[in-house]
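# Coordinate analysis (summary)
Chain by chain, the residues:
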Amino acid sequence: MLEVLRAMKASELQNIFIDELKVLLPDWRFVKSQRQFKRVEEGVVWLFHINCINHLDDFDAVADVAVEFKSGKENICIVGAELGNIEGVGQKRFSVTSATEAKSSAERMLCYFKAHGMPFLRKYSNPVDVISTLKQGGKEAMLISPLLNQHPEQINRLTNFYGVSI
């Protein structure tokens, strides 16, 4: 008797994709409610956030990274960007149409994250680099913090908290 193959739901594929990323990122804590991986590194919080663009039977995964400067529970400043925008190619999507592809797409996303997301996290973990970039303005400042009206407050908060003068 032939068995009819049922396509997996997008939500099932997302779970496989996320589970694979959890295996690939053992030093990161997954926060399910925010669909992001989190890691405290040198006094800042690194975030690797996964977004899913659902279709009927599949989805595309996109990711962004952020550096959060905190003092206790107080948020001092957060900067971040989508991985494809960091590279300068626009939004980078990783298609997932099957369980097998969920695993390979997670591996491809991790490689892309290591190539583009990790250098961003390392660079912008330094408050001096964030302040300098925001003060210079332009394309890079818009990349890390797209709301121009927040730049002066971000510069002030980082400058005051870290005692930085540029």
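Treat the numbers as computed from the prediction; the structure is a model and nothing was measured. (Residues numbered from 1 in each chain as written. Predicted model: local features only at pLDDT ≥ 70, side-chain atom pairs only at ≥ 80, totals over all residues. Heavy atoms only, no water.)

## Some details on the layout of surface pockets
Put simply, the rule is: Site definitions follow a grid-based scheme: protein atoms alone, a 1 Å grid, a 1.4 Å probe that fits but cannot get out for cavities, and for pockets an open set with protein on both sides within 12 Å along at least five of seven lines, plus lining residues having an atom within 4 Å of a point. Grid points are joined across faces, edges and corners, and a volume is the space filled by probe spheres set on the points. Numbering of helices and strands runs from the N terminus, with a helix taken as a DSSP run of H or I at least four residues long and a strand as a DSSP run of E at least two residues long. Residues are sorted three ways: Asp, Glu, Lys and Arg are charged, Ala, Val, Leu, Ile, Met, Phe, Trp, Tyr, Cys and Pro are nonpolar, and all the rest, Gly among them, are polar.
Space inside the largest pocket adds up to approximately 170 Å³. Lining the largest pocket we find 14 residues, and of these Cys77, Ile78, Ser145, Gln150 and Gln154 sit closest to its centre. When residues of the lining of the largest pocket are traced back to their parent elements, those giving at least two are strand 5 (74–82) and helix 6 (151–162). Of the residues assigned to the lining of the largest pocket, the class counts are seven nonpolar, five polar and two charged.

## Looking at helix 1 (residues 10–24)
As a reminder, the rule being used: Expected helix span is given by 1.5 Å per residue-to-residue step, counting one fewer step than there are residues. Per-residue accessibility, obtained with a 1.4 Å probe over protein chains only, is compared with the maximum for each type, and a residue is labelled buried under 20%, exposed over 50%, and partly exposed between these values. The reported arc concerns the directions from the helix axis to the C-beta atoms and nothing else. Two residues qualify as a contact provided that any one of their heavy atoms is within 4.5 Å of a heavy atom in the partner residue.
Taking 1.5 Å of rise per residue, 15 residues should cover 21 Å, and helix 1 covers 21 Å from first to last C-alpha, within 8% of that figure. For helix 1, the full list of buried residues reads Ala10, Leu13, Gln14, Phe17, Ile18, Glu20 and Leu21. Taken around the axis of helix 1, the buried residues stretch over an arc of 160°, which confines them to a single face. Buried residues belonging to helix 1 abut strand 1 (29–31), strand 2 (36–41), strand 3 (44–54), strand 4 (59–71), strand 6 (94–96) and helix 3 (99–123).

## Quick look at unusual backbone geometry
A negative phi angle is the norm for most residues apart from glycine, just as the trans form is the norm for most peptide bonds. Of note, arginine 35 is a non-glycine position whose phi angle comes to about 45°, a positive value. As for its position among the elements, arginine 35 is in the loop between strand 1 and strand 2. On the basis of relative accessible area, arginine 35 is assigned to the partly exposed category, the value being 29%.

## Overview of the packing of aromatic side chains
Operational definition: Working definition: a ring pair exists when centres of Phe, Tyr or Trp rings (six-membered ring for Trp) sit within 6.5 Å. Plane angles under 30 degrees give stacked, over 60 give edge-to-face, the rest tilted. Should the NZ of a Lys or the CZ of an Arg lie within 6 Å of a ring centre and within 35 degrees of the ring normal, that charge is described as sitting over the ring.
Evaluation of the coordinates by the stated rule reveals ten aromatic pairs. Centroid distance tryptophan 28 to phenylalanine 113: 5.7 Å. Interplanar angle 75°. Geometry classified as edge-to-face. Separated by 85 residues along the polypeptide, tryptophan 28 in the loop between helix 1 and strand 1 and phenylalanine 113 in helix 3 bring together distant segments of the chain. Taken as a pair, tryptophan 28 and phenylalanine 113 share a single burial class, namely buried. With a centroid separation of 5.8 Å and an interplanar angle of 75°, the aromatic rings of phenylalanine 69 and tyrosine 162 are classed as edge-to-face. In this pair, phenylalanine 69 is assigned in strand 4 and tyrosine 162 in helix 6, connecting sequence segments 93 residues apart. Classification of tyrosine 162 as partly exposed rests on a relative accessible area of 29%. Lying over the aromatic face of phenylalanine 94, lysine 92 brings its terminal NZ or CZ to 5.5 Å of the ring centre. Over the face of the ring belonging to tyrosine 112 we find lysine 92, whose NZ or CZ atom lies 5.3 Å from the ring centre.

## Describing the nonpolar core
Across soluble globular proteins, you tend to see nonpolar side chains buried next to one another. Rules: Within this scheme, the nonpolar core is defined by two criteria: the residues are buried Ala, Val, Leu, Ile, Met, Phe, Trp, Tyr or Cys, and they are joined through side-chain atoms within 4.5 Å.
Phe17, Trp28, Phe48, Ile50, Met109 and Phe113 are the most contacted members of the largest nonpolar core, which has 44 residues in total. Ranked by residues supplied to this core, first place goes to helix 3 with nine residues.

## Observations concerning the pairing of strand 4
Heads up, the rule is: Strand pairing is assigned whenever DSSP detects at least two bridges linking the two strands.
Here strand 4 lies mainly inside the structure; ten of its 13 residues are buried. Sheet analysis places strand 3 next to strand 4, joined by eleven bridges and oriented antiparallel. Looking across to strand 4, one finds that valine 44 is bridged to phenylalanine 69. The sheet contact formed by strand 4 and strand 6 spans three bridges and is antiparallel.

## A short note on the confidence of the model for the protein chain
What counts, and what does not: A residue's pLDDT is simply how confident the predictor is in it, with values from 0 to 100.
Model confidence for the protein chain is summarised by a mean pLDDT of 92, while 95% of its residues fall at 70 or above. No element of the protein chain has a lower mean pLDDT than helix 1, at 92, and none a higher one than strand 1, at 97.

## What to know about the side chain of serine 145
Turning to its location among the elements, serine 145 is positioned in the loop between helix 5 (138–144) and helix 6. Take serine 145: its relative accessible area is 4%, and that puts it in the buried class. Contacts of serine 145, omitting those with residues within four sequence positions, involve Leu134, His151 and Gln154.

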